[in-house]
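# Observations on the model geometry
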Amino acid sequence: MQFENTLSFARQLDATDPLKNFRNKFIIPEVNSRQQVYFLGNSLGLQPKSVNDYIQRIMQDWANLGVESFFHAPEPWLNYHDHLIRPLSKIVGALPHEVVVMNQLTVNLHLMLVSFYRPSAKRYKIICEAKAFPSDQYTFETHVKHHRLDPAHAIIEVNPRKGEHTLRTEDILSVIQQHSGSAALVLLSGINYYTGQLFDMGAITKAAQSAGVVVGFDLAHAAGNVDLQLHEWGVDFACWCSYKYLNSGPGAIGGVFIHEKNHDKDLPRFAGWWGYDKATRFKMEKGFTAMPGAEGWQLSTPALFLYAAHRASLEIFEEAGWTNIRAKQKVLTDYLWFLLEEVNTTSSKKIIEFITPQHFAERGCQVSMLMLERGKEIYEGLMKQGIIVDWREPNVIRLAPVPLYNSFEEVWRFADVLKQLIA
Ligand SMILES: *Cc1c(COP(=O)(O)O)cnc(C)c1O
């Protein structure tokens, strides 16, 4: 498509956007009754208007039936999880019985490492990306110490080459190769939270597994953002949070994928009564018998309010259709990149260095801009004009227009304000 840098062109793209009405399903933040340009769906997705209704239904069940709601609510709570699994398994490319919704991301990472990081004298290393999200780093460090190993030897970080910001797939694969006899686990993010780089999860999985190494992904920035084929790739496990691109609210309930090939291995796990075989759970007997599938990793009574918020959001994904979401995402973000390149080429000197790969196959919605000068001032200028982006020390502005509720006009306005601030 031949893009143009004009407001009327942006509005024309909005007019022909098949998803244009989905914006009305969300509450757009306002200041002095002026809608903000909200570009932080990568941090906390906006609230679907329908969330309130879904939560109210749980409130009503609770009021009307108390604990009987588990069996006798109009939609029995005992089966509420099924409403989440169907749409969610499509989003992550999994079979329904490979997905479970529970806890939060960091907790789930820990639980997965209990099952999937089983160091031996020979194989004990964890291979990860350098500068992973802090929670991930602390998870690796504390599991390694829990096994009385030394993080300095057991954690292998893949670094960008000198002068580069992102990782080359060949470098990731060669680190895996190099440690193929001593690695126990490869665990990377699907998309790095800082650079926005999308990793080649299929190739990484293949390389890890041909070296006999277990492989997992943290999909915090990937779920609901990019195409995932967890089952087909043969990933052993994955975890994600649901408050970023999945729009399910602050502290939303997390999701876990466990490949079916791992279901019958009787893997060690930390268990709770909600992971007990559903048919006999309420006999409350001694001795843990896991439910078949990923649900057998559940610990606690489900958080129905969090389920309800998650469901409201997942139904919007269902209604929009993943193919349509991705198609709009491509045009929306390609347009953003087109405008940003113009900002750089029309200013007297280069102010922005993009650290996110530009090619659509290597990123999702997010663009991370390394500000070569006046970064904080430009960030504050954007915020003052109602364009909500974020600042990451020491000098990066991150933003992510999302296809479900952001418009082409917003992208154009952002680039226009940015250009004025730089000039
Ligand atoms: C957002 C994010 C987290 C946050 O974990 P919570 O337990 O939900 O607070 C963890 N890891 C990555 C990679 C993230 O992007």
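About the criteria used
- Residues numbered from 1 in each chain as written.
- Predicted model: local features only at pLDDT ≥ 70, side-chain atom pairs only at ≥ 80, totals over all residues.
- Heavy atoms only, no water.
- Helix = DSSP H or I, 4+ residues; strand = E, 2+ residues; numbered from the N terminus.
- Rg over C-alpha atoms; globule rule 2.2 N^0.38 Å.
- Buried < 20%, exposed > 50% of the residue type's maximum accessible area, 1.4 Å probe, protein only.
- Domains from an automatic or database assignment.
- Buried area = accessible area lost by both parts, 1.4 Å probe.
- Salt bridge = Lys/Arg side-chain N within 4 Å of Asp/Glu carboxyl O.
- Polar contact = N/O pair within 3.5 Å; in protein donor to acceptor, adjacent residues only side chain to side chain.
- Nonpolar A, V, L, I, M, F, W, Y, C, P; charged D, E, K, R; others polar.
- Phe/Tyr/Trp six-rings, centres within 6.5 Å; stacked < 30°, edge-to-face > 60°.
- Lys NZ or Arg CZ within 6 Å of the ring centre and 35° of its normal.
- Near = heavy atom within 4 Å.
- Pairing = 2+ DSSP bridges.
- Axes fitted to C-alpha atoms, helices over the stretch in contact; angles between N-to-C directions.
- Contact = heavy atoms within 4.5 Å.
- Patch = residues over 30% accessible without salt bridge, like charges linked within 9 Å, V, L, I, M, F, W, Y side chains within 5 Å.
- Areas by Shrake-Rupley, 256 points an atom, 1.4 Å probe, with all protein chains shown as cover.

## Section: the overall build of the chain
Looking only at helices and strands, the chain has 14 helices and 15 strands in total. Its C-alpha atoms give the chain a radius of gyration of 23 Å, within 12% of the compact-globule value 22 Å for 423 residues. Taken over the C-alpha atoms alone, the chain extends approximately 70 × 60 × 35 Å along its principal axes. Counting only residues that meet the buried cut, the chain has 55% of its 423 residues in that class.

## Side note on the domain arrangement of the chain
Segmenting the chain into domains produces domain 1 (7–35 + 321–422) and domain 2 (55–319). Between domain 1 and domain 2, the C-alpha centre-to-centre distance is 30 Å. With both sides pooled, the region where domain 1 packs onto domain 2 buries about 2,100 Å², and carbon together with sulfur makes up 55% of that total. On the domain 1 side of the interface with domain 2, the three residues burying the most area are Trp-322, Ile-355 and Gln-366, jointly 27% of the side's total. Where domain 1 packs against domain 2, one counts 2 salt bridges. Among the salt bridges present, the one from Glu-319 reaches Lys-25, with a minimum N-O distance of 3.3 Å. One can count 14 residue pairs in polar contact (both at pLDDT 80 or more) joining domain 1 with domain 2. By residue number, the principal contributor to the side of domain 1 that touches domain 2 is helix H12 (residues 322–346), which donates 4 residues. Taken together, the residues that form the side of domain 1 that touches domain 2 break down as 15 nonpolar, 6 polar and 8 charged.

## Thoughts on the packing of aromatic side chains
Per the counting criterion, the structure on display carries 23 aromatic pairs. Plain terms: the ring middles of Phe-3 and Phe-9 are 6.4 Å apart, the flat faces sit at 80° to each other, and that makes the pair edge-to-face. A ring pair is formed by Trp-273 and Trp-274, whose centres lie 5.0 Å apart and whose planes are at 75°; its orientation type is edge-to-face. Here Trp-273 falls in the partly exposed class, since its relative accessible area comes to 36%. Pairwise contacts between aromatic rings join Phe-70, Phe-71, Trp-77, Trp-273, Trp-274 and Phe-282 into one cluster. Above the plane of the ring of Phe-133 lies Lys-244, whose end atom (NZ or CZ) is 5.2 Å from the centre. The ring of Trp-297 has Arg-269 sitting right over it, with the charged end atom 3.8 Å from the ring centre.

## Some remarks on the site of the ligand
Near the ligand you find Leu-105, Thr-106, Phe-133, Asp-136, Asp-218, Ala-220, His-221, Cys-241, Tyr-243 and Lys-244, and these make up its full shell. Grouping the amino acids of the shell around the ligand by side-chain chemistry returns 5 nonpolar, 2 polar and 3 charged.

## Regarding the sheet that holds strand E7 (residues 183–189)
Reading across the sheet, the 7 strands line up as E4-E10-E9-E8-E7-E5-E6 and stay open at both edges, with mixed pairing between neighbours. One side of each edge strand has no neighbouring strand; the edge strands of this open sheet are strand E4 (99–101) and strand E6 (155–158). Each strand of the sheet is rotated relative to its neighbour by a mean of 20°, with strand direction disregarded. Where strand E9 (residues 237–240) meets strand E10 (residues 255–258), 4 bridges bridge the pair, whose relative direction is antiparallel. Across the sheet, residue Ala-238 finds its bridge partner in E10, namely Phe-257.

## Notes on the environment of Leu-65
Positionally, Leu-65 belongs in helix H2 (residues 51–65). Residue class for Leu-65 comes out partly exposed when judged on its relative accessible area of 32%. For the pair formed by Leu-65 and Gln-366, sequence separation is 301 residues and the distance between their alpha carbons is 44 Å. Discounting residues that sit within four places of it in the chain, Leu-65 has contacts with His-72 and Ala-73.

## With respect to a nonpolar patch on the surface
A contiguous nonpolar surface patch, about 440 Å² in accessible area, is contributed by Phe-71, Trp-273, Phe-282 and Met-284. The residue Phe-71 is located in helix H3 (residues 69–72) in this model.

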